[in-house]
Amino acid sequence: MRSSSHSETSGASVFFLLGWLTGTLAIGLWLALQLQDQGVNWVISILLGAGGSVAVSCFLCHLIWRLWMRITRGAPFYVGDQVVITAGPHKGEIGEVRKICEGRCSVWVALERGGDSSELLFFDWDQIRRCDRGKSAGPS
């Protein structure tokens with residue numbers, strides 16, 4: 001079995017990274033200033049501000065990314081969903097989701113090949129898009 005790889009960086013990814021870095025810095029500075037106002041040592045307030053900002057911004061980043069995947073890709077995906085590959089060497093090919101990777105935002109897709117044969121490949125959500133928007137094999 002082969003797995004596909006990310007070989008291109010989109011403008012949305014760069015924008016998302018810059019937003020995350022800016023948000024993390026802003027939250028960290030705000031937390032550090034709040035702690036210093038309460039009389040906490042400046043070294044401790046900076047360390048706590050940095051740690052707290054990374055935790056908060058990672059959580060928010062995850063929520064925003066999942067929402068973006070829902071809007072642009074039709075995620076979450078379920079077994080039986082028809083998807084089109086949008087990145088990598090199989091770009092443009094259509095397949096069917098055969099297995100969900102629990103705890104991850106990825107799936108195993110069987111690409112349609114001539115006859116009865118199909119190739120099972122691993123894809124992340126940002127590499128596929130649902131073909132049949134509104135029709136999902138998942139729970140109603």
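Shown above is the structure to which this text applies.
These lines cover the structure that appears in this document, whether it is placed above or below. Please read all numbers here as calculations on a predicted model, not as lab measurements.

Overview of the overall build of the chain
Consideration 1: Counting secondary structure elements, the chain contains two helices and five strands.
Consideration 2: Partitioning the intrachain contacts of the chain with sequence separation of at least 6 by distance along the chain shows that 50% fall at a separation of at least 24.
Consideration 3: Surface accessibility of the chain: about 9,100 Å² in total, with carbon and sulfur atoms responsible for 63%.

Side note on helix α1 (residues 11-37)
Consideration 1: With 27 residues, α1 extends 39 Å between its outermost C-alpha atoms, agreeing within 8% with the 39 Å of an ideal straight helix rising 1.5 Å per residue.
Consideration 2: Looking at the buried positions of α1, the neighbouring elements they touch are α2 (42-73).

A few points about α2
Consideration 1: Relative to the 46 Å expected for 32 residues at 1.5 Å per residue, α2 spans 45 Å between its end C-alpha atoms, a close match to the ideal helical length.
Consideration 2: Taken as a whole, α2 has its buried residues at Ser45, Gly49, Ser53, Ser57, Cys61, Met69 and Arg73.
Consideration 3: Contact partners of the buried residues in α2: α1 and β5 (128-130).
Consideration 4: Immediately beyond the C-terminal end of α2, within one or two residues, lies Gly74, with a positive phi of roughly 85 degrees.

Observations concerning the pattern of salt bridges
One side chain can pair with another of opposite charge once the charged atoms of both are near each other.
Consideration 1: Within the structure shown, the criterion is met by two salt bridges.
Consideration 2: The residue Asp81 makes a salt bridge to Arg130 at a minimum N-O spacing of 2.4 Å. One end of the pair, Asp81, is in the loop between α2 and β1 (82-85); the other, Arg130, is in strand β5, with 49 residues separating them in the sequence.
Consideration 3: A relative accessible area of 1% means that Asp81 is categorised as buried.
Consideration 4: A residue is classified by how much of its surface remains accessible, and Arg130, at 7% relative accessible area, is buried.
Consideration 5: Note that Arg98 and Glu96 form a salt bridge whose closest N and O atoms lie 3.9 Å from each other.
Consideration 6: Residue Arg98 is classed as partly exposed on the basis of its relative accessible area, which comes to 43%.

What about the nonpolar core?
Consideration 1: Phe77, Val107, Val109, Trp125 and Ile128 are the most contacted members of the largest nonpolar core, which totals 14 residues.
Consideration 2: Breaking this core down by element, the ones donating at least two residues are β1, β3 (106-112) and β4 (118-124).
Consideration 3: It is β3 that contributes the most residues to this core, three residues altogether.
Consideration 4: If near-sequence neighbours (up to four positions away) are discounted, Val109 is found in contact with Val83, Gly95, Glu96, Val97, Glu119, Leu120, Leu121 and Phe123.

Re the packing of aromatic side chains
Consideration 1: Overall, the coordinates contain three aromatic pairs when judged by the stated rule.
Consideration 2: Judged by centre distance (6.0 Å) and plane angle (10 degrees), the ring pair of Trp65 and Trp125 falls under stacked. Placement of the pair is Trp65 in helix α2 and Trp125 in the loop between β4 and β5, with a sequence separation of 60 residues.
Consideration 3: Among the aromatic residues, those joined into a ring-pair cluster are Trp65, Phe77 and Trp125.

Describing the packing of α1 against α2
Consideration 1: At their nearest, the axes of α1 and α2 sit 7 Å apart, and the two run at 145 degrees to each other. Classified by chirality, the crossing of α2 by α1 is right-handed.
Consideration 2: Among the residues making up the contact of α1 with α2, the classes are represented as 15 nonpolar, eight polar and no charged.

Considerations on the environment of Gly52
Consideration 1: Relative to the elements of secondary structure, Gly52 occurs in helix α2.
Consideration 2: In this structure the C-alpha to C-alpha distance between Gly52 and Leu31, which are 21 residues apart in sequence, comes to 7.6 Å.

The rules we used
Residues numbered from 1 in each chain as written. Predicted model: local features only at pLDDT ≥ 70, side-chain atom pairs only at ≥ 80, totals over all residues. Heavy atoms only, no water. Helix = DSSP H or I, 4+ residues; strand = E, 2+ residues; numbered from the N terminus. Contact = heavy atoms within 4.5 Å. Areas by Shrake-Rupley, 256 points an atom, 1.4 Å probe, with all protein chains shown as cover. Expected span 1.5 Å × (residues − 1). Buried < 20%, exposed > 50% of the residue type's maximum accessible area, 1.4 Å probe, protein only. Salt bridge = Lys/Arg side-chain N within 4 Å of Asp/Glu carboxyl O. Core = buried A, V, L, I, M, F, W, Y, C linked by side-chain atoms within 4.5 Å. Phe/Tyr/Trp six-rings, centres within 6.5 Å; stacked < 30°, edge-to-face > 60°. Axes fitted to C-alpha atoms, helices over the stretch in contact; angles between N-to-C directions. Left-handed = near helix turned anticlockwise from the far one by under 90°. Nonpolar A, V, L, I, M, F, W, Y, C, P; charged D, E, K, R; others polar.

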